[in-house]
Amino acid sequence: QVQLIESGGGLVQAGASLRLSCAGSGRTFSAYAMGWFRQAPGKEREFVAAISWSGGSTSYANSVKARFTISRDNAKKTVYLQMNSLKPEDTAVYYCAADRRAFREVTTIVDEYDYWGQGTQVTVSS
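The text that follows walks through the structure, step by step, so that each part is easy to find. (Residues numbered from 1 in each chain as written. Predicted model: local features only at pLDDT ≥ 70, side-chain atom pairs only at ≥ 80, totals over all residues. Heavy atoms only, no water.)

**A closer look at the environment of E89**
Applicable threshold: Helical segments are the DSSP runs of H or I of at least four residues, strand segments are the runs of E of at least two, and each set is numbered from the N terminus. Between buried and exposed lies partly exposed: a residue is buried under 20% and exposed over 50% of the maximum accessible area for its type, with that area taken using a 1.4 Å probe on protein chains only.
With respect to the helices, strands and loops of the structure, E89 is situated in the loop between β8 (78–83) and β9 (92–102). On the basis of relative accessible area, E89 is assigned to the exposed category, the value being 55%. Here the alpha-carbon distance between E89 and A40, two residues 49 residues apart in the chain, equals 8.8 Å.

**So, the state of the cysteines**
Using the following cut-off: Only a pair of cysteine sulfur atoms within 2.5 Å counts as a disulfide in this structure description.
With the rule as written, the count across this model stands at one disulfide. The disulfide partner of C22 is C96, and the gap between their sulfur atoms is 1.9 Å. When the S-S torsion is 50°, as for the bridge of C22 with C96, the disulfide is right-handed. Here C96 lies in strand β9 and C22 lies in strand β3 (residues 18–25), a separation of 74 residues in the sequence. Given the relative accessible area of 0%, C96 is considered buried.

Keep in mind these values describe shape, not function.
Structure, rendered in structure tokens:
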């Protein structure tokens, strides 16, 4: 069984920064790509960012490119999402997820992730 626990969400003003963390346990964390997704009220869950198992490849949604940075520390079994220049439209519940297949590069497809955290709320006020 895999457990993913997110932290770091909160209420901030537009233009501020937050760093989300996702701590993993239960299987070889370093063998799996990791992703961040978000879901706003009334909307479908959408891809935000992903990082390969090695950390050598990343992918971002166009809406967050140049503002958000995904990284991982395999020794700590943790993946991070640094969010800068936050906008009100970034308001959502943010989820981290683990790829279902080991040693894959990045994937943006939600169905390719089989373990999910409980989510952390990010609210950006204008």
